[in-house]
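A structural walkthrough
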Amino acid sequence: MKRLLKIGEFSKLCRVTVRTLRHYEEKGLLKPTSVDQWTGYRQYSLDQSQRLYRIIHLKGMGLSLDEIADIFERGDDKPDSEMIRQKAEQCRAEIARLQRQLEQLESLEQLSTTNKTMHETTIKRIPSRIVASYRRVIKNYDELGPLCVNVIGPEMMRIGCTCPEPQYCFTMEHDAEHRDENIDLEYCEAVGEMHPDTEILRFYETADIPKALCCYHRGSYNSFSETMTRVLSHIEEQGMQLSGNPRFCYIDGPWNKEDVADYLTEIQIPVR
């Protein structure tokens with residue numbers, strides 16, 4: 001006869017709280033071997049620890065208790081290939097979200113612990129330039145570097161674009177409202193001459209901006225909002241008005257810096 005353990009004994013041996021065991025029982029995942037009809041005392045057998053550890057293992061992989069119950073109901077002890085694929089995709093998305101969050105925290109930490117003047121502003125004129133323009137909806141700013149390296153740069157080289165000094169590249173967002181994801185982004189790079197449009201690039205001459213309020217942003221592209229908040233407050237304090245879409249002009253980035261904290265961007269906001 002199997003030796004039965006009281007719920008407290010089973011809890012102690014398996015290093016799982018009694019509350020957790022009761023919750024698993026309510027979910028139908030791990031029912032006691034016996035329940036005394038008069039006292040309600042629950043007893044478990046040692047071999048039930050295998051099912052308990054399977055529950056804990058599946059839960060650690062991100063499966064909900066309802067999903068684990070469905071797996072057990074079909075007589076299996078592991079998720080099918082489609083569920084594994086979905087959970088892996090959710091993990092990758094969460095890792096990307098946490099990476100962006102880490103970059104923002106590191107950028108804020110750097111701002112708090114250094115004396116760098118990333119919030120100082122200047123007023124200057126931005127002359128018109130002929131640009132090669134690439135516009136698409138991107139999931140987030142993490143896609144920008146690979147697009148420049150793998151799509152925009154090779155296409156500019158293919159058609160023989162030159163980039164005269166001073167070199168100038170920037171992005172503009174075309175959404176009517178702010179978006180953290182699925183951003184309608186246009187990337188522009190100044191070139192020496194006009195070319196016929198291609199399937200990838202469009203060529204045009206940008207408007208002259210007589211007056212732009214400019215400031216430097218250090219760190220992740222995903223934390224532009226922090227710098228923008230300070231700049232917009234300055235615009236309000238100085239009684240200026242916005243007269244066009246902000247430009248994000250890239251000076252240092254993934255093409256020449258390994259550390260995200262060393263990225264340098266100039267934010268240029270047309271004002272009057």
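The structure we're discussing is the one just above.
Everything numeric here is computed off the predicted structure, so don't read it as measured data.

The rules behind these values
Residues numbered from 1 in each chain as written. Predicted model: local features only at pLDDT ≥ 70, side-chain atom pairs only at ≥ 80, totals over all residues. Heavy atoms only, no water. Helix = DSSP H or I, 4+ residues; strand = E, 2+ residues; numbered from the N terminus. Rg over C-alpha atoms; globule rule 2.2 N^0.38 Å. Buried < 20%, exposed > 50% of the residue type's maximum accessible area, 1.4 Å probe, protein only. Areas by Shrake-Rupley, 256 points an atom, 1.4 Å probe, with all protein chains shown as cover. Core = buried A, V, L, I, M, F, W, Y, C linked by side-chain atoms within 4.5 Å. Contact = heavy atoms within 4.5 Å. Salt bridge = Lys/Arg side-chain N within 4 Å of Asp/Glu carboxyl O. Axes fitted to C-alpha atoms, helices over the stretch in contact; angles between N-to-C directions. Parallel < 35°, antiparallel > 145°, perpendicular 65-115°, else oblique. Left-handed = near helix turned anticlockwise from the far one by under 90°. Nonpolar A, V, L, I, M, F, W, Y, C, P; charged D, E, K, R; others polar. Pairing = 2+ DSSP bridges. Phe/Tyr/Trp six-rings, centres within 6.5 Å; stacked < 30°, edge-to-face > 60°. Lys NZ or Arg CZ within 6 Å of the ring centre and 35° of its normal. Expected span 1.5 Å × (residues − 1). Bend = angle between axes of the 7 residues up to and from the residue. Polar contact = N/O pair within 3.5 Å; in protein donor to acceptor, adjacent residues only side chain to side chain.

Each helix and strand in the protein was counted, giving 7 helices and 11 strands. Over its C-alpha trace the protein gives a radius of gyration of 29 Å, far above what one expects of a compact globule, namely 19 Å for 272 residues. Counting across all 272 residues of the protein, residues that qualify as buried make up 38%. Counting every atom, the protein has about 16600 Å² of accessible surface; 50% of that belongs to carbon and sulfur.

Of all hydrophobic cores here, the largest spans 32 residues; its most connected members are Tyr141, Leu144 and Tyr250. If you list the elements that add at least two residues to this core, you get strand S5 (130–138), helix H6 (144–158), strand S7 (183–190), strand S9 (209–218), helix H7 (224–237), strand S10 (247–252) and strand S11 (264–270). Take this core: its biggest share by element is 5 residues, from H6. Ignoring any residue separated from it by four or fewer positions in sequence, one finds Tyr141 in contact with Thr171, Glu173, Ile183, Leu185, Tyr221, Asn222, Phe224, Phe248 and Tyr250.

In total, this model carries 10 salt bridges according to the counting rule given. Linking Glu82 and Arg85 is a salt bridge whose minimum nitrogen-to-oxygen distance equals 2.7 Å. Residue Glu82 and its partner Arg85 are both found in helix H5 (residues 81–113); the two are separated by 3 residues, about one turn of the helix. The salt bridge involving Asp184 is made with Arg135; its shortest N-O contact spans 2.7 Å. Of this pair, Asp184 sits in strand S7 while Arg135 is found in strand S5, placing the two residues 49 residues apart along the sequence.

The topology assignment puts Arg179 in the loop between strand S6 (169–173) and S7. Each C-alpha atom, one on Arg179 and one on Arg230, is 19 Å from the other, the two residues being 51 residues apart in sequence.

Turning our attention to the packing of helix H1 (residues 7–14) against helix H3 (residues 48–60). Packing of H1 against H3 leaves a shortest axis separation of 11 Å and a crossing angle of 55°. Between H1 and H3, the interaxial angle falls into the category oblique. In this structure, H1 crosses over H3, and the sense of that crossing is right-handed. Contact residues: Phe10, Leu13 and Cys14 in H1; Gln48, Ser49, Leu52 and Tyr53 in H3. In the contact of H1 with H3, the residues fall into 5 nonpolar, 2 polar and no charged.

Right, let's get into the sheet that holds strand S1 (residues 4–6). Here we have 3 strands laid out as an open sheet, ordered S1-S3-S2, and antiparallel in their pairing. With one partner strand each, in any of the chains shown, S1 and strand S2 (34–35) form the two edges of the open sheet. Summarising the sheet, S1 and strand S3 (residues 42–45) pair through 3 bridges and their orientation is antiparallel. Bridging across to S3, Lys6 finds its partner in Gln43. Each of S1 and S3 is contacted by H1, which is oriented at about 95° to S1, the strand it contacts most.

By the definition in use, this model includes 2 aromatic pairs. Summarising the aromatic geometry, the rings of Phe10 and Tyr44 are spaced 4.7 Å apart at their centres and angled 5° between planes, so their arrangement reads as stacked. Here Phe10 is found in helix H1, whereas its partner Tyr44 is found in strand S3, with 34 residues between them in sequence. Residue Phe10 is classed as buried on the basis of its relative accessible area of 1%. With 5.1 Å between their ring centres and 35° between their planes, Tyr168 and Phe170 make a pair best called tilted. Residue Tyr168 is classed as buried on the basis of its relative accessible area, which comes to 10%. According to the relative accessible area criterion, Phe170 is buried, its value standing at 0%. Above the face of the Phe170 ring, Arg247 is positioned so that its terminal group lies 4.4 Å from the ring centre.

Before going further, it helps to spend a moment on H6. End to end, H6 covers 20 Å across 15 residues, agreeing with the expected 21 Å (1.5 Å per residue, within 8%). The largest bend in H6 comes to about 35°, at Ile152, with the proline Pro154 one to four residues further on. Within H6, burial applies to Leu144, Gly145, Leu147, Cys148, Ile152, Glu155 and Met156. Along its buried surface, H6 packs onto S5, S6, S7 and S10. Phi turns positive, to about 80°, at Gly160, one or two residues after H6.

This next bit is on the side chain of Thr171. Tracing the sequence through the fold places Thr171 in strand S6. A polar contact of 2.6 Å, which involves the side chain of Thr171, links it to the side chain of Tyr250.

Such coordinate-based values are descriptive only and should not be taken to indicate function.
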